[in-house]
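# Examination of the molecular architecture
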Amino acid sequence: MATASDRPPFFARVGAVAGPLAALVSVWLTTAGHTTNFREMNASHGWISSVGYGLHSAYLFTIAFSILLSPVLKYRVSSHTLTKLGLGMLCSGAFLNGLDTHASYSVAVFGRILAGFGAGQVMCAGLRLLPEARPGAVKVFEVLLPGFGPLIVAGASMWYGWSNWEGGFLFEGLLALFGLGCVIPLNPKPDPPPSPASSLGYLPAFVLGIASIWYLLQWGQLMGWADDRFVLLVAFAGLAGLIATLWLSWPSLTFAIVREAVPRGLLIGYAGMVQFFQVSETGVFGGLFINVSELERAWQVWPLSFGAAVSLLVGRMIPSPVRLEKNASVFGLVLITLGMAFLYTKMLGWPYWSVLNVVEFNWFSAPQTWEMAPGRFLLGFGFGLIIQSEMRRSDGDPACEARIGIGLQASQFIGAGIGIGLLSTALLAGHQWQYSYTSDRGDIQAVEVANRTAELQSTFAASGSPEAARRAETLMFRSVNYQADALVFADIYAGFGITSAALAALLIARMFWLRLLPARFRPGYVHS
């Protein structure tokens, strides 16, 4: 019988929690926080937004690949070693991006891939280092710290220098180095004995498919899509890779796994897409419409993070017998729909078309930092609710759920990477489309532009301004670009809102359909 004297010393017990927690904190802050200074990085390199955000999507896709590889690695390498290796890779990749500020784009992408693979291993192996009886503070940190990520990373960049983008990368490297110093002295519990792991022969084909998706989303628009033969070649190669992935992984999948994993994975992937799309979109929004500093742009992310944190805390407060019923994802999708509707209404509610305001106030009408906060809070609450409900919902088979859990965790980051790519494509293609409308496409708009230009010219002339015609044309050019950007963001909110409402309707229809099925065909049914 164990006695109090058999317990490890106090500092050993604290270190057993603090060491792995420090490793996880470095990953949580890096993954959630480093979306705030890509605008400055793009400006310093002369890149457009899709090029810079390609680094972030490469990081997220690599995390997904690393997570999928973890079931094999954990039976070949100890969790302690994997955590140290992951922190070393995260540290190396971050310092590569932060120190070599004039590196080529391929070197910058390699740094993000290195950091992403390390972060994925820490997410999986670092959790296994924590004791089974984890203090409640660990769960609180897991919920709250990612929400502070954008503010902390932005603050580190601003402290390093006024919006010096490399400060964020260097801070991430120091975080990983600190976590590594906390993990190395640990004397972890023994890992489970090796056992046959599921085949991962599909991973090379999966990498080909994901790499193709990354290229198409980040570079396809720049190359002209079907007008470029290499883009078509990449598209066919990616399609072949995804088909091969399904073909190679299918023999190891059971009907129960497919039935549970596919709908849950799609929902979590969509939630991850909304999450990282909107976090990155706020950075573009704050730099484009109000031109605020990096730290102020991070405050625009805070309502999203706060909504997600509140959803997780509320989920933990609900009593276990009624916690997260199956309609929680429907409620999350409804919240996302309402949040997008609020943002859409706000976006079109500004008098962005009133160009005469610029003459008086020297700037176009623009949103302030907190005007969009209620809608973004609803978004964070919604995708947080979807992720936690689908992660915790189980069919009752622990072995099946263990395999599904890895796929669900990876699907969140796959959706996140796709979301970043969609943002890049939307900003490029959307601006071209909307600019063609706001400038002169169609008889009605052409007449409207001409009338506004004449009105501006008369206003400048009446005030005695020299070269009234040229000033009017210049200001009108800025105006139609501003209008185009405003309409692009309105289209984004409308698209996500319609998609979320459609998914909610499909889930409701599925719930009614399952009620009509015999019990033996419903998910979670156990044969006697």
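Residues numbered from 1 in each chain as written. Predicted model: local features only at pLDDT ≥ 70, side-chain atom pairs only at ≥ 80, totals over all residues. Heavy atoms only, no water.

With 25 residues, helix α3 (residues 49-73) should cover 36 Å at 1.5 Å per step; its first-to-last C-alpha distance of 36 Å lies within 8% of that length. Along α3, the largest kink reaches about 25° and is centred on L55. Within α3, 23 of the 25 residues are buried, which leaves the element mostly enclosed by the surrounding structure. (Helix = DSSP H or I, 4+ residues; strand = E, 2+ residues; numbered from the N terminus. Expected span 1.5 Å × (residues − 1). Bend = angle between axes of the 7 residues up to and from the residue. Buried < 20%, exposed > 50% of the residue type's maximum accessible area, 1.4 Å probe, protein only.)

Turning to a nonpolar patch on the surface, a few remarks are in order. Together, L144, F148, I152 and L313 give the surface a local cluster of nonpolar side chains, amounting to about 280 Å² of exposed area. Here F148 lies in helix α6 (residues 136-160). Relative accessible area serves as the criterion here: at 35%, F148 is assigned to the partly exposed category. (Patch = residues over 30% accessible without salt bridge, like charges linked within 9 Å, V, L, I, M, F, W, Y side chains within 5 Å. Areas by Shrake-Rupley, 256 points an atom, 1.4 Å probe, with all protein chains shown as cover. Salt bridge = Lys/Arg side-chain N within 4 Å of Asp/Glu carboxyl O.)

The final tally for this structure, using the stated rule, is one cavity of 30 Å³ or more. In this model, the largest cavity occupies a volume close to 40 Å³. As for the largest cavity, its lining consists of M41, H45, W47, N97, D100, T101, A103, A108 and W165. For the lining of the largest cavity, the per-class residue count stands at five nonpolar, three polar and one charged. (1 Å grid on protein atoms, 1.4 Å probe; cavity = no way out; pocket = protein on both sides within 12 Å on 5 of 7 lines; lining within 4 Å. Points joined across faces, edges and corners; volume = space filled by probe spheres on them. Nonpolar A, V, L, I, M, F, W, Y, C, P; charged D, E, K, R; others polar.)

Two numbers describe how helix α4 (residues 79-99) lies on helix α7 (residues 166-183): the axes approach to 8 Å, and their chain directions differ by 160°. Classed by the angle they form, the pair α4 and α7 counts as roughly antiparallel. Between α4 and α7 the crossing geometry is left-handed. Judged by residue contacts, H80, T83, K84, L87, L90, C91, A94, F95, N97, G98 and L99 of α4 engage E166, F169, L170, E172, G173, L174, A176, L177, G179, L180 and V183 from α7. Looking at the contact of α4 with α7, its residues break down into 13 nonpolar, six polar and three charged. (Axes fitted to C-alpha atoms, helices over the stretch in contact; angles between N-to-C directions. Parallel < 35°, antiparallel > 145°, perpendicular 65-115°, else oblique. Left-handed = near helix turned anticlockwise from the far one by under 90°. Contact = heavy atoms within 4.5 Å.)

Next up on the list: the side chain of N42. Mapping N42 onto the fold places it in helix α2 (residues 38-45). Judged by its relative accessible area of 6%, N42 falls in the buried class. One polar contact links the side chain of N42 to the main-chain amide nitrogen of G52, over a distance of 3.2 Å. Contacts of N42, omitting those with residues within four sequence positions, involve W47, I48, S49, V51 and G52. (Polar contact = N/O pair within 3.5 Å; in protein donor to acceptor, adjacent residues only side chain to side chain.)

As a further point, take the packing of helix α10 (residues 255-288) against helix α12 (residues 328-349). The geometry of α10 relative to α12 is characterised by a closest axis approach of 12 Å and an angle of 25° between their N-to-C directions. For the element pair α10 / α12, the angle class is roughly parallel. For the pair α10 and α12, the sense of crossing is left-handed. Listed contacts from α12 to L267, Y270, V274, Q278 and F285 of α10 are S329, L333, I336, M340 and M347. Classifying every residue of the contact of α10 with α12 by side-chain character gives eight nonpolar, two polar and no charged.

Summed over the entire model, instances satisfying the criterion amount to four salt bridges. The salt bridge involving E172 is made with R112; its shortest N-O contact spans 3.6 Å. Within this pair, whereas E172 is found in helix α7, its partner R112 is found in helix α5 (residues 105-129), the two being separated by 60 residues in sequence. Each of the two residues, E172 as well as R112, counts as buried.

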